[in-house]
Amino acid sequence: MPQRFLFVLFCLCASAVSAQRFDWLSSGKNVELNVTHATITSSRKMLVVAEGSSPYYINGPQKIFTNQKKDSSIVEIASKKTYPVGISFLISYAADGKIDQFIEFQNKWFRIYGLERNSKNEFLMLCYVEGEYDLEQTNLEREYRTGSDNDEDEQEEEEISYGNLDLFQPLSPKDQFVRAGLYVLVLDESIHLKRSILIAPEEHLGIEPEGFLVNAQDKLVIFGHFDDQLDMEAFKAVPKKAGGDFVFVYDQQGKWLWGDLAAYEGTGCCSSYSDAQHVSISPNGSVYMVGSASKTVLFSNGKTLESPAKGDKNGLRYGTYLVAYHPDGKIRWVKQTDAQNIIQQTVATDKQIIIAYQNGKSIPQPFEVTADTSANRHSVLAAFSNSGKFLWSVTEGASCYQRLTVSGQTLYAFGTSDHSVSSKQIGNYTLKKLERSYVSYYSTDGKFRGVVPLKPDADYKPQPTYFFPVSAHEMYLAYSTFLSLSVPLRVFDELYGDLKGNAHIGVIGKIHY
């Protein structure tokens, strides 16, 4: 047999696995970092939001550091040896990992629900600004909201509260204060506030934002859950009171474009499965929403998802839906199933919508999916055309998909696998004992291309996890892991320096693979 043929045959049979190495790596020393949001610009500037707290053992000052091969960037965040719960950090990294900007704030008064960037390389942040200031403190003109209660002659005046945006300096004293409510803040690459867009004032809030996206046309897409006591006329949505999953679309100036609601029949908002809601947008502006509910769900086009008659092995009853919208908000199609699968992640292109879920041994596949779950591969990636036709599926031995993304003609999946998973097969590669997190990648028609095991691994439970492929072998990462042993992290990569485990560790950096 010719040697050249043997070499080609060996290459085809070999596992397509790539070892990672960090170009730069950032984490916290003597401070726990729980990554909650991250995004990256086309110039590879990364902005990360992380919650901070003090680990049980503290030895020395608390710092956020970046280690590079030739240099280091360090921000000392506190001189004291304890850091209170309720503090968050906004950290801006240059492409080479240098810490450009660092802001700390109390997330009690300023809560972030989403972080994205637009085509102008501006950062957009969906956040709730809590009202904590009275008018004497703000020195602003007095504002009132008036109303009547059956008696037109009697009117009560209610003072409107304000929140403070002084964390985004430089601002004039007057610009620091805004009416309390839900906002989209637009920041430049230096983390200076350019403008604020009020989505809903405090007195109209009865929603729980689940996420925030910006599409290729810079339209703002907000999704989450409605309280059943909220008058949705305030949001120009379905004019009735009901709880449910919503998606709203605004232009880049904050002007309302369209919105829709998957309304739960009866009272009570959002079943225990409502955290399974996900929304994806395609480059051409199409919107896809998935969710699961234990109640009957009513769609605006008249379709109904009935509550299933039988429950799962724990007696829980819920159905799952997938709805596709045209860019103008009209429903294109709705898929529904009483097969008890909770969709973990989704991602959309102009030609297809890809979903990720875990399928039990005796549970039917949802939405007419055909998948080979033999050899205990019960984690499924499934694709549908933009007309709703099932296209392809692949199966893996993961326990949870944390995030999906598409870059060019490649689909990437960030997966985790815990000890209870009987199969650890990812494509033609089997995860080793300590390899519990990975990024697998495929062609957009589902053909396996390779896998990158990550060290240290992420928590196998659902958590905020971000990764940004920037070339065929480069990727930016932002996630957190918990190490229960006080081991030197140098065993994973020398850029950790003398950092030890036994805490929540932030893993923020750029890898080659």
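Residues numbered from 1 in each chain as written. Predicted model: local features only at pLDDT ≥ 70, side-chain atom pairs only at ≥ 80, totals over all residues. Heavy atoms only, no water.

A. Up close: the pairing of strand S4 (residues 62-68). Here S4 lies mainly inside the structure; six of its seven residues are buried. Relative to S4, strand S1 (residues 21-29) runs antiparallel, the two being bridged by six bridges. Each bridged residue has a counterpart across the sheet, and for Gly 28 the counterpart in S4 is Ile 64. (Buried < 20%, exposed > 50% of the residue type's maximum accessible area, 1.4 Å probe, protein only. Helix = DSSP H or I, 4+ residues; strand = E, 2+ residues; numbered from the N terminus. Pairing = 2+ DSSP bridges.)

B. Up close: the packing of aromatic side chains. The full count for this structure, using the stated rule, is 20 aromatic pairs. Taking 5.3 Å as the distance between ring centres and 75 degrees as the angle between the ring planes, the aromatic pair formed by Phe 299 and Tyr 321 counts as edge-to-face. Of this pair, Phe 299 sits in the loop between strand S22 (297-298) and strand S23 (304-305) while Tyr 321 sits in strand S24 (residues 319-325), placing them 22 residues apart in sequence. What makes Phe 299 buried here is its relative accessible area of 5%. A cation over a ring is seen here: Lys 335 above Trp 333, with NZ or CZ 5.7 Å from the ring centre. (Phe/Tyr/Trp six-rings, centres within 6.5 Å; stacked < 30°, edge-to-face > 60°. Lys NZ or Arg CZ within 6 Å of the ring centre and 35° of its normal.)

C. Quick peek at the side chain of Gln 20. Here Gln 20 is to be found in the loop between helix H1 (3-13) and S1. Polar side-chain contacts of Gln 20 include one of 3.0 Å to the backbone oxygen of Lys 455. Each residue touching Gln 20, except ones within four places of it in the same chain, is listed here: Val 452, Pro 453, Leu 454, Lys 455, Ile 511, His 512 and Tyr 513. (Polar contact = N/O pair within 3.5 Å; in protein donor to acceptor, adjacent residues only side chain to side chain. Contact = heavy atoms within 4.5 Å.)

D. Spotlight on the nonpolar core. With 23 residues, the main nonpolar core has Leu 454, Met 475 and Ile 511 as its most contacted residues. Going through the elements one at a time, S1, strand S31 (410-416), strand S34 (437-443), strand S37 (474-483) and strand S38 (503-512) are the ones with two or more residues in this core. Dropping the residues within four chain positions of it, Leu 454 is found in contact with Gln 20, Phe 414, Ser 437, Tyr 438, Val 439, Leu 477, Tyr 479 and Ile 511. (Core = buried A, V, L, I, M, F, W, Y, C linked by side-chain atoms within 4.5 Å.)

E. Inspection of the pattern of salt bridges at higher detail. Counted according to the given criterion, the structure contains 11 salt bridges. A salt bridge links Asp 23 to Lys 510, with the shortest nitrogen-to-oxygen separation between them at 3.7 Å. Separated by 487 residues along the polypeptide, Asp 23 in strand S1 and Lys 510 in strand S38 bring together distant segments of the chain. Neither residue differs from the other here; Asp 23 and Lys 510 are each classed as buried. Put simply, Lys 510 and Glu 474 hold a salt bridge, and the shortest N to O gap is 2.8 Å. With Lys 510 in strand S38 and Glu 474 in strand S37, this pair connects stretches of sequence that are 36 residues apart. Residue Lys 510 shares its accessibility class with Glu 474, and that shared class is buried. Taken together, the shared-partner salt bridges in this structure form one network comprising Arg 21, Asp 23, Arg 44, Glu 474 and Lys 510. (Salt bridge = Lys/Arg side-chain N within 4 Å of Asp/Glu carboxyl O.)

F. Spotlight on the sheet that holds strand S15 (residues 193-201). With respect to topology, four strands assemble into an open sheet ordered S8-S9-S14-S15, the strand pairing being antiparallel. The strands lining the two open edges of the sheet, one partner per strand, are strand S8 (110-117) and S15. This sheet shows a mean twist of 20 degrees between the axes of neighbouring strands, independent of strand direction. Across seven bridges, the pairing between strand S14 (residues 181-187) and S15 is antiparallel. In the sheet register, Val 184 faces S15, and the bridge partner there is Ile 197. (Axes fitted to C-alpha atoms, helices over the stretch in contact; angles between N-to-C directions.)

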